[in-house]
Amino acid sequence: MKKFFFGLFFLAGALSSFSQSLFHPSYGVEEGLAQSTVFSIVQDNKGRIWAGTVGGGISIFDGKFFTNLTTDDGLEGNIIYSLFKDSEGDIWIGTDKGLS
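Residues numbered from 1 in each chain as written. Predicted model: local features only at pLDDT ≥ 70, side-chain atom pairs only at ≥ 80, totals over all residues. Heavy atoms only, no water.

(A) Representation of a nonpolar patch on the surface within the structure. A cluster of nonpolar side chains, F84, W92 and L99, forms an exposed patch at the surface whose accessible area comes to about 340 Å². The residue L99 is located in strand 7 (residues 98-99) in this model. (Patch = residues over 30% accessible without salt bridge, like charges linked within 9 Å, V, L, I, M, F, W, Y side chains within 5 Å. Areas by Shrake-Rupley, 256 points an atom, 1.4 Å probe, with all protein chains shown as cover. Salt bridge = Lys/Arg side-chain N within 4 Å of Asp/Glu carboxyl O. Helix = DSSP H or I, 4+ residues; strand = E, 2+ residues; numbered from the N terminus.)

This is how it looks when you write it as structure tokens:
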């Protein structure tokens, strides 16, 4: 039984060390995100990441650059509460002013 527990602790330690050595990029306003607080995230069929922000509208990340959409671009509101991709691949956006 002692060997079993030792093996679990050894495995947990090895996995912990491995996961800490991986690089995890982070993106913020400096990199192009419209606003620093994000309520909802969804990935579209093209692999882009859509981030619904609190006051900055939508930030769409293609892996290199952000494109930001606001009420000036046709969104109902700039506070994004939810994002949903339907079975057709369309993105539905729940804002403080209604559905886009």
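(B) Summary view of the pairing of strand 3 (residues 58-61). Side chains I58 and I60 project from strand 3 onto one buried face, and the interleaved S59 and F61 project onto a second face that is buried too. Alignment of strand 2 (residues 49-53) against strand 3, held across four bridges, turns out to be antiparallel. Pairing of G52 across the sheet is with I58, part of strand 3. In this antiparallel pair of consecutive strands, strand 2 and strand 3, the connection spans four residues, and G55 shows a positive phi of 110 degrees. Bridge analysis of strand 3 against strand 4 (residues 66-69) gives four bridges, and the strand direction is antiparallel. Residue pairing for strand 4: F61 is matched across the bridge by F66. (Buried < 20%, exposed > 50% of the residue type's maximum accessible area, 1.4 Å probe, protein only. Pairing = 2+ DSSP bridges.)

Bear in mind that shape data such as this cannot, by itself, settle questions of function.
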